[in-house]
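# Descriptive analysis of the structure
One letter stands for each residue in the lines below.
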Amino acid sequence: MLTIVKNKPPKHHLLCLALIVSLSLAIGFILVKLTYQINYWPTDSRHLYIPAAKSLGQLPYISSIHEHNRFNSLHGKEVLVIGIQYFQLLLNDDLTLFPNVLLLIFCVCFSGVLIYLISQHFHGPPIAFITALIFLSCFWPYQYVLQGAHQPLVLLVFLLATACLILITNSLVAICLSGLFLGSMFFCSPTSPVYLPYYLGALLYFLKQRPIKNPLLTFIFFFIGFITIPIVINFPNPLENLSNYYSFIRDSQQNNNFTKPQIDFGAKFPSLSSRGAGLDWVLQYMFLIMPILFTSFIVSIVYLTKHSLKKPTYLIIIFLGLSTLLAVETIQVAQFGRNYFSWIIGILIAISFAMAHFKNTTYSQLLSQNKKTLFSLCIILLATHIAFNINLFKKDVYPSRMTTNSLYDWMKNNPSHKFYTYANHPYNINIIEHLNNPRDQKPINIEFVSSLKDVEDGYFIMPPVTGKTIWVNCQLPGFFADMELFKLVSSGSFLDYVLSDFPTLASSRIWPQEEEYCSYLDLHLHNITPRDRLLGKVYILDAKKLQDQWFSKNVQ
């Protein structure tokens with residue numbers, strides 16, 4: 001039977017667990033409300049995951065999803081497709097992005113609970129509560145929820161594999177289930193191998209705590225669990241599919257938007273880098289997205305290093321804390337945010353162990369007044385971390401992703417005028433084509449023109465005109481095919497004719513870091529300027545005011 005550790009719960013454990021579960025549920029409900037009408041990006045979810053999940057029920061085998069995907073880009077994501085299909089069936093919705101997003105919301109919220117349970121096993125309720133709270137309050141995982149990406153899923157499956165080793169007392173059951181989740185992990189995301197050092201750390205702990213009486217039987221149970229999912233997913237041609245999986249991983253490591261920009265986008269740029277700016281980029285990126293947490297992580301690594309002389313096992317913790325950085329920099333894959341997401345586990349490990357050591361040594365020896373002062377400082381630091389992440393999510397990450405939803409709502413609330421936009425704008429696929437959600441009962445109609453001057457009345461929707469956006473991997477020039485628009489923007493009076501504006505991925509500080517070339521331009525070359533971000537918004541222009549005031553004064 002599957003049995004969970006039955007030791008008497010530590011003091012405050014049930015209260016802390018209840019708080020974390022409640023917080024996870026609250027975050028989940030808020031995200032569901034915020035994303036229920038979410039539109040397509042479009043990105044891999046629109047072109048790959050959703051169609052594959054929709055067709056999965058009509059295919060003879062799971063591996064059949066690869067037969068119609070000429071890029072082999074679904075390899076390593078089969079579990080994601082299966083999960084999306086489940087939520088499509090649950091919601092009776094195979095048209096929108098929401099089943100994909102709901103799966104990832106579940107992954108993040110459940111991960112918060114598992115992080116608490118695993119950390120509580122090592123450090124007790126207070127530190128486990130803080131560790132889980134740090135994770136749940138980070139905007140980072142929610143960014144990938146909004147993207148429909150696979151990072152939250154592989155994190156959850158890794159945590160399930162680890163939890164089996166830590167929390168289940170029956171060794172054979174634990175090792176079998178852990179192997180099952182580990183085997184699944186490799187088919188959740190191509191980034192899954194980066195989690196292996198963390199898993200090996202948990203496995204070493206498991207073997208130390210529970211000496212193996214029958215190594216052969218233990219290995220058999222682990223192997224059965226580990227091999228089950230790969231067999232099911234790759235049946236009936238496991239060797240061929242695994243070979244294609246390996247080829248996809250190898251190609252994704254070797255090819256990126258630095259190596260073939262002129263082939264992929266028709267634009268020629270100097271060969272600035274093959275993957276990014278190395279450690280310089282890493283430091284700038286981490287301090288951009290988590291300045292307080294990353295500073296705490298560095299302090300924790302230094303603190304653990306200092307005490308590793310007396311406690312050599314801390315060297316393992318230090319290695320785990322740095323393992324994602326070491327792995328990614330060793331493999332030399334392209335530098336952008338998603339490739340470093342697994343580092344959140346290493347960061348939490350280092351901080352939680354540093355907190356535990358300090359609590360059990362230095363803190364216990366402090367005077368009462370000093371304890372109160374230090375406790376107050378820690379509360380302020382944690383509150384600042386939470387406030388920073390909420391503010392960044394609220395003001396940048398979320399609104400810049402939900403552009404088309406906000407634009408649709410504005411247009412629906414202003415139905416008295418016609419709407420126009422450019423017929424040949426390269427971002428129509430990102431703004432106009434996905435403006436109407438499949439659930440919308442009253443779609444917005446837009447007329448297409450070739451120039452601002454062609455619109456005499458109504459509202460003109462101006463998509464971003466900068467080429468520095470992840471929609472085109474920052475490798476296309478800005479859109480100024482309309483000379484009238486160029487004159488207007490250059491005049492300095494452009495904003496006088498704006499009725500409303502909406503942030504986009506092109507105006508964001510965070511989203512450009514999800515594409516290697518854009519992130520390199522931004523963080524290393526500092527070549528994405530405030531003006532680029534200003535031109536990266538969607539604007540609604542008053543066409544009649546333009547005709548009456550601008551064009552009447554600027555007739556050629």
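Residues numbered from 1 in each chain as written. Predicted model: local features only at pLDDT ≥ 70, side-chain atom pairs only at ≥ 80, totals over all residues. Heavy atoms only, no water.

## Some remarks on the overall build of the protein
Rules: By definition, any uninterrupted DSSP run of H or I lasting at least four residues is a helix, any uninterrupted run of E lasting at least two residues is a strand, and each is numbered from the N terminus. Each radius of gyration reported is based on C-alpha atoms, and the globular scaling rule is 2.2 Å times the count of residues to the power 0.38. Exposure is judged per residue with a 1.4 Å probe applied to protein chains only, and the accessible area is read against the type maximum: over 50% gives exposed, under 20% gives buried, and values in between give partly exposed. Residues are treated as being in contact if the distance between any of their heavy atoms lies within 4.5 Å. Using a 1.4 Å probe, the Shrake-Rupley method yields the accessible areas, and only the shown protein chains count as cover for residues. Think of it this way: Lys and Arg go in the positive column, Asp and Glu in the negative one, and His and the chain ends go nowhere. Here the site of a charge means NZ on Lys, CZ on Arg, CG on Asp, or CD on Glu.
The number of helices and strands found in the protein is 23 helices and 5 strands. Taken over the C-alpha trace, the protein has a radius of gyration of 26 Å; the compact-globule value for 556 residues is 24 Å, and the two agree within 12%. Oriented by its inertia axes, the alpha-carbon framework of the protein measures out at about 90 × 65 × 45 Å. Per-residue burial over the protein gives 55% buried out of 556 residues. The long-range fraction of contacts in the protein, counting pairs at least 24 apart against all pairs at least 6 apart in sequence, stands at 81%. Accessible area for the protein stands at about 25500 Å²; split by element, carbon and sulfur atoms hold 64% of it. In the protein, 39 side chains carry a positive charge and 29 a negative one; their mean positions are 16 Å apart.

## With respect to the confidence of the model for the protein
Applied cut-off: pLDDT measures how confident the predictor is about each residue, on a scale from 0 to 100.
Averaged over the protein, the pLDDT score is 90; the fraction of residues at 70 or greater is 94%. In this model, residues 1–6 is a region of pLDDT below 50 whose contacts with residues beyond four sequence positions or in other chains number 15 contacts. Low confidence marks residues 262–268, where pLDDT is under 50. Its contacts with residues over four positions away, or in another chain, come to 11 contacts.

## Remarks on the sheet that holds strand 1 (residues 419–422)
What counts is decided by this rule: In this description, strands pair whenever DSSP reports at least two bridges between them. Only the stretch in contact is used when fitting a helix axis, every axis being a line fitted to C-alpha atoms; angles between N-to-C directions are given from 0 to 180 degrees.
Taking strand neighbours across the sheet as the criterion, the 5 strands line up as 2-1-3-5-4 in an open arrangement whose pairing is mixed. Bordering the open sheet on either side are strand 2 (447–449) and strand 4 (498–502), each of which pairs with just one other strand. Within this sheet the neighbouring strands show an average axis-to-axis angle of 25°, counted without direction. Both strand 1 and strand 2 contribute to a ladder of 3 bridges, which runs parallel. Its bridge partner being in strand 2, Tyr420 is matched across the sheet by Glu447.

## Quick word on helix 14 (residues 291–307)
Note the threshold: One less than the residue count of a helix, multiplied by 1.5 Å, gives the span that helix is expected to have.
Here helix 14 is 17 residues long and its end C-alpha atoms lie 25 Å apart, about the 24 Å a rise of 1.5 Å per residue gives. Every buried residue belonging to helix 14 is among Ile292, Leu293, Phe294, Phe297, Ser300, Ile301, Tyr303, Leu304 and His307, and all of these are buried.

## Focus on the packing of aromatic side chains
Operational definition: Stacked, edge-to-face and tilted are the three classes for Phe, Tyr and Trp ring pairs, Trp counted by its six-membered ring, which pair at centre distances within 6.5 Å; planes under 30 degrees apart are stacked, over 60 edge-to-face, the rest tilted. A ring is considered to have a charge above it if a Lys NZ or an Arg CZ atom is located within 6 Å of its centre and within 35 degrees of its normal.
Within this structure, the stated rule accounts for 33 aromatic pairs. Here the guanidinium or amino end of Arg46 rests over the ring plane of Tyr40, the centre of that ring lying 5.1 Å away. The ring of Tyr363 is capped by Lys371, whose NZ or CZ atom sits 5.5 Å from the centre of that ring.

## Here we look at the pairing of strand 3 (residues 459–462)
With burial as the criterion, each face of strand 3 is covered, one bearing Tyr459 and Ile461 and the other bearing Phe460 and Met462. Here 4 bridges tie strand 3 to strand 5 (residues 538–542), and the two strands are oriented antiparallel to one another. Bridge assignment links Phe460 to a residue of strand 5, and that residue is Leu541.

## Points about the state of the cysteines
Convention followed: To count as a disulfide, a pair of cysteine sulfur atoms needs to be within 2.5 Å.
One pass over the full model with this rule turns up 1 disulfide. For Cys474, the disulfide goes to Cys518, at an S-S distance of 2.1 Å. Around the S-S axis, the bridge from Cys474 to Cys518 shows a dihedral of about 115° and counts as right-handed. Residue Cys474 is located in the loop between strand 3 and helix 20 (483–491), and its partner Cys518 is located in helix 21 (residues 516–524); the two are separated by 44 residues in the primary sequence. Exposure remark for Cys518: the relative accessible area of 0% places this residue in the buried category. Among the cysteines around Cys107, which has no disulfide bond, Cys188 carries the closest sulfur, lying 8.1 Å off. Owing to a relative accessible area of 1%, Cys107 belongs among the buried residues under this scheme. No disulfide involves Cys378; its sulfur sits 16 Å from that of Cys16, the nearest cysteine.

## Things to note about the nonpolar core
To keep it simple, the criterion reads: In this description, a nonpolar core means a group of buried Ala, Val, Leu, Ile, Met, Phe, Trp, Tyr and Cys residues linked to one another through side-chain atoms lying within 4.5 Å.
In terms of nonpolar packing, the biggest core is built from 154 residues, with Trp140, Met286, Trp343 and Ile344 touching the most fellow members. Discounting residues that sit within four places of it in the chain, Met286 has contacts with Trp140, Pro291, Phe294, Trp343 and Ile347. In terms of nonpolar packing, the next biggest core, distinct from the first, is built from 22 residues, Tyr420, Leu452, Val498 and Ala543 among them.

## Digging into the packing of helix 8 (residues 171–185) against helix 9 (residues 196–209)
Formally: Angular relationships are summarised with four words: roughly parallel below 35 degrees, roughly antiparallel beyond 145, roughly perpendicular across 65 to 115, and oblique for the angles in between. Residues are grouped as follows: nonpolar covers Ala, Val, Leu, Ile, Met, Phe, Trp, Tyr, Cys and Pro; charged covers Asp, Glu, Lys and Arg; every other residue, Gly included, is treated as polar.
Contact pair helix 8 / helix 9: the axes reach a minimum separation of 13 Å and the direction vectors enclose 175°. Accordingly, the angle class assigned to the pair helix 8 and helix 9 is roughly antiparallel. Listed contacts from helix 9 to Ser171, Ala174, Ile175, Ser178, Gly179, Leu182 and Met185 of helix 8 are Leu196, Tyr199, Leu203 and Phe206. For the contact of helix 8 with helix 9, the per-class residue count stands at 8 nonpolar, 3 polar and no charged.

## Looking at the packing of helix 14 against helix 15 (residues 314–331)
The angle between the axes and the distance between the axes are what describe a pair of packed helices. To be explicit about the condition: Each crossing is labelled by how the near helix is turned from the far one, with a counterclockwise turn of less than a right angle marking it left-handed and a clockwise turn marking it right-handed.
Running from N to C, helix 14 and helix 15 point in directions that differ by 155°, and their axes come no closer than 9 Å. With respect to helix 15, the axis of helix 14 lies roughly antiparallel. Along this stretch, helix 14 crosses helix 15, giving a crossing that reads as left-handed. The residues of helix 15 that touch helix 14, namely those facing Phe297, Ile301, Leu304, Thr305 and His307, are Tyr314, Ile317, Ile318, Gly321 and Leu322. Across the contact of helix 14 with helix 15, the residue classes break down as 7 nonpolar, 3 polar and no charged.

## What about unusual backbone geometry?
In this model, Trp41 is joined to Pro42 through a cis peptide bond whose omega is 0°. Of note, Pro42 is situated in the loop between helix 1 (13–35) and helix 2 (44–55). Here Phe235 and Pro236 are connected by a cis peptide whose omega angle stands at 10°. You can see Pro236 is positioned in the loop between helix 10 (215–234) and helix 11 (238–254). The residue His526 is not glycine, and still its phi comes out positive at about 55°.

## Notes on the pairing of strand 5
Most of strand 5 is tucked away, with 5 of its 5 residues classed as buried. Side chains Val538, Ile540 and Asp542 of strand 5 all project onto a buried face; the interleaved residues Tyr539 and Leu541 project onto the opposite face, where all are buried too. The sheet contact formed by strand 4 and strand 5 spans 4 bridges and is antiparallel. Across the sheet, Phe502 pairs through a bridge with Val538, a residue of strand 5.

## A closer look at the side chain of Asp532
Threshold: Nitrogen and oxygen atoms within 3.5 Å of one another constitute a polar contact, given that in protein one can donate a hydrogen and the other can accept it, and given that sequence-neighbouring residues count only through two side-chain atoms.
When you line up the elements, Asp532 lands in helix 22 (residues 530–534). Residue classification places Asp532 among the buried positions, given a relative accessible area of 11%. Reaching out from Asp532, the side chain makes a polar contact with the side chain of Lys468 at a distance of 3.1 Å.

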